[in-house]
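Chain by chain, the residues run as shown.
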Amino acid sequence: MTTSDSIDLPGEIDPDEPPRRRRGFKIALVGLIVLAAIVAAAGVIAAKYMFDLRDAYEKRTVVQVTRGPSDGDRPEDTEGQNFLLLGSDKRSEEEAAASGITGQRSDVMMLVHVPADRSGVYFMSFPRDLYIDIPGHGKGRINAALAYGGIPLAVTTVENYTGVPIDHVALIDFDGVQGLVDTLGGVDVEVPQDFEIDGHQFTEGTQHVNGEEALAFVRARKNFVDGDFQRNRNQQALLRGIAKELLSSNTLSSPGRITEAVESISPYLTTDDALTPNAIVDLGLSLRDLRTSDLHFLAVPHGEPFMTSGGASVVATDEDGMDVLREALKNDSMGTYFAENAGKY
């Protein structure tokens, strides 16, 4: 395959709430950063129930992340920390046979940047069809990296594209998300418009969803004019909904409920070997002064969808926009970047 060929792959929490709840938020925020919509409870585990719940957290799969000969040099270390968050669907046998690709595909991919001064947290969603270089495989959709080389190749691909090192990575199978939402008794999401998918009806506005509905909500894309771009926004809406429920008094005051949440997600979770409970605790302590208003969501710069010469529908890159983001990540100036670019893509 030449480099010109294509891979044809398929409510805010009140910041003025009482101190006791605020402490719970600061700690639970750790899991939100590290595991996004999956184990926001992990931060609570790490700080408050570490010894009781360590076994539940360690049911996750642990992998080493290394770079291969074709990957090039790892970007130089920068200020702040970067996390790669992945959500995956296992392929059906039919899809795998049709595409010639086996394994998982990443339909959720977020880069999370935590500045050195811990002044905020920045969540950046990638379009799954973003057409970029994948080491050893030429050009293809960014979500093909996970299918071709697992977590190590996904990390390498994002490092090469963004120009900054990934400090930690976490991947969750979508079945785990469904279990977590059901364990929490459902969550509230903001629905952008009326639509129906897989027999589930969604109505514009705030809607309470169970696990099965939550998965339908974040998988929907053909229902929207802007397809995958709206799906990314829906993924962020589910993340907010899960975070709000995990940080509710019902959850934070119930060790049993927290244990249940972690046990429901851990078997579906894979992290790098350095993302230990102690690492999560350390990060949480460093973020103890953050408020909910310090969490910022945005999209990675991108162009418009287009068809490759091979007939694949992909999303173009925006190199000028990416150069600005790369500079902000390298210089640890995401606050300025967010102020100037929020809602632009």
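All values reported here derive from a predicted model rather than from experimental measurement.

Asks: Any details on the overall build of the chain? Residues and values, ideally.
Replies: The number of helices and strands found in the chain is 13 helices and 15 strands. Expressed as a percentage of the 345 residues in the chain, the buried residues total 57%. Accessible surface, the chain as shown: approximately 14500 Å² in total, 47% of it carbon and sulfur.

Asks: If you had to explain the environment of Gly186 to someone new, which residues and values would you point to?
Replies: Here Gly186 is to be found in the loop between helix 6 (174-183) and strand 8 (187-191). As a C-alpha pair, Gly186 and Gly211 span 25 residues in sequence and 6.6 Å in three-dimensional space. Sequence-distant contacts of Gly186, that is, excluding residues within four places in its chain, are made with Val181, His208, Val209, Asn210 and Glu245.

Asks: Give a detailed account of the nonpolar core, specifying residues and quantitative values.
Replies: By size, the foremost hydrophobic cluster in this structure holds 45 residues, and its most contacted members are Val187, Phe195, Phe202, Phe217, Leu238 and Ile242. Those residues in contact with Phe202 that sit more than four places away from it in its chain are Val191, Gln193, Asp194, Phe195, Ile197, Gln207, Val209, Glu213, Ala216 and Phe217. Residues Ile142, Ala145, Leu146 and Val155 belong to the second largest nonpolar core, which totals 35 residues.

Asks: Could you give me a rundown of helix 7 (residues 211-219), with the residues and numbers involved?
Replies: Within the span of helix 7, buried status applies to Gly211, Ala214, Leu215, Ala216, Phe217 and Val218. Buried residues in helix 7 make contact with helix 6, strand 8, strand 9 (195-197), strand 10 (200-202), strand 11 (205-209) and helix 8 (227-246). The N-terminus of helix 7 is capped by Asn210, whose side-chain oxygen sits 3.2 Å from the backbone nitrogen of Glu212.

Asks: Could you give an account of the packing of aromatic side chains, naming the residues involved and the relevant values?
Replies: Using the criterion set out here, one finds seven aromatic pairs in the structure. Judged by centre distance (6.2 Å) and plane angle (55°), the rings of Tyr122 and Phe338 are tilted. Residue Tyr122 is located in strand 4 (residues 121-125), and its partner Phe338 is located in helix 13 (residues 334-341); the two are separated by 216 residues in the primary sequence. Ring centres 5.9 Å apart and planes at 80° place the aromatic pair Tyr131 and Phe306 in the edge-to-face group. With Tyr131 in strand 5 (residues 131-134) and Phe306 in strand 14 (residues 305-307), this residue pair connects regions lying 175 residues apart in the sequence. Of the residues examined, Phe306 reaches a relative accessible area of 34% and is grouped as partly exposed. Through a chain of ring-to-ring contacts, three or more aromatic side chains come together here, namely Phe195, Phe202, Phe217 and Phe224. The aromatic ring of Tyr161 is capped on one face by Arg326, whose charged end is 5.1 Å from the ring centroid.

Asks: If you had to explain the side chain of Arg60 to someone new, which residues and values would you point to?
Replies: As for its position among the elements, Arg60 is in the loop between helix 3 (50-57) and strand 1 (61-63). What makes Arg60 buried here is its relative accessible area of 10%. At a separation of 3.0 Å, a polar atom in the side chain of Arg60 contacts the side chain of Thr271. At 3.2 Å, the side chain of Arg60 and the backbone oxygen of Leu275 are in polar contact. Apart from residues lying up to four places away in sequence, Arg60 is in contact with Ser266, Leu269, Thr271, Leu275 and Thr276.

Asks: Please give an account of a negative patch on the surface that cites residues and values.
Replies: A cluster of acidic residues, Asp182, Glu196, Asp198 and Glu212, forms a negative patch on the protein surface. Here Glu212 lies in helix 7. The exposure class assigned to Glu212 is partly exposed, which follows from its relative accessible area of 47%.

Asks: Account for unusual backbone geometry, with residues named and values stated.
Replies: Backbone geometry at Asp198 places phi at a positive 50°, although glycine is not the residue there. Mapped onto the secondary structure, Asp198 falls in the loop between strand 9 and strand 10. Among the residues examined, Asp198 registers a relative accessible area of 64% and is labelled exposed. One non-glycine residue, Asp332, lies in the positive phi region at around 60°. Relative to the helices and strands, Asp332 is located in the loop between helix 12 (319-331) and helix 13. Given the relative accessible area of 19%, Asp332 is considered buried.

Asks: Mind laying out the pattern of salt bridges, listing which residues take part and the relevant values?
Replies: Under the criterion given, the structure shown has eleven salt bridges. For the salt bridge of Glu159 with Arg74, the shortest nitrogen-to-oxygen distance reads 3.1 Å. Taken together, the residues span a long stretch of sequence, with Glu159 in helix 5 (residues 144-162) and Arg74 in the loop between strand 1 and strand 2 (81-90) at a distance of 85 residues. Its relative accessible area of 37% is what places Arg74 among the partly exposed residues. Look at the salt bridges and you will find they share partners, linking Arg128, Asp129, Arg141, Asp228 and Arg231 into a network.

Cut-offs and rules
Residues numbered from 1 in each chain as written. Predicted model: local features only at pLDDT ≥ 70, side-chain atom pairs only at ≥ 80, totals over all residues. Heavy atoms only, no water. Helix = DSSP H or I, 4+ residues; strand = E, 2+ residues; numbered from the N terminus. Buried < 20%, exposed > 50% of the residue type's maximum accessible area, 1.4 Å probe, protein only. Areas by Shrake-Rupley, 256 points an atom, 1.4 Å probe, with all protein chains shown as cover. Contact = heavy atoms within 4.5 Å. Core = buried A, V, L, I, M, F, W, Y, C linked by side-chain atoms within 4.5 Å. Polar contact = N/O pair within 3.5 Å; in protein donor to acceptor, adjacent residues only side chain to side chain. Phe/Tyr/Trp six-rings, centres within 6.5 Å; stacked < 30°, edge-to-face > 60°. Lys NZ or Arg CZ within 6 Å of the ring centre and 35° of its normal. Patch = residues over 30% accessible without salt bridge, like charges linked within 9 Å, V, L, I, M, F, W, Y side chains within 5 Å. Salt bridge = Lys/Arg side-chain N within 4 Å of Asp/Glu carboxyl O. Lys, Arg positive; Asp, Glu negative; His and termini not counted. Charge placed at Lys NZ, Arg CZ, Asp CG, Glu CD.

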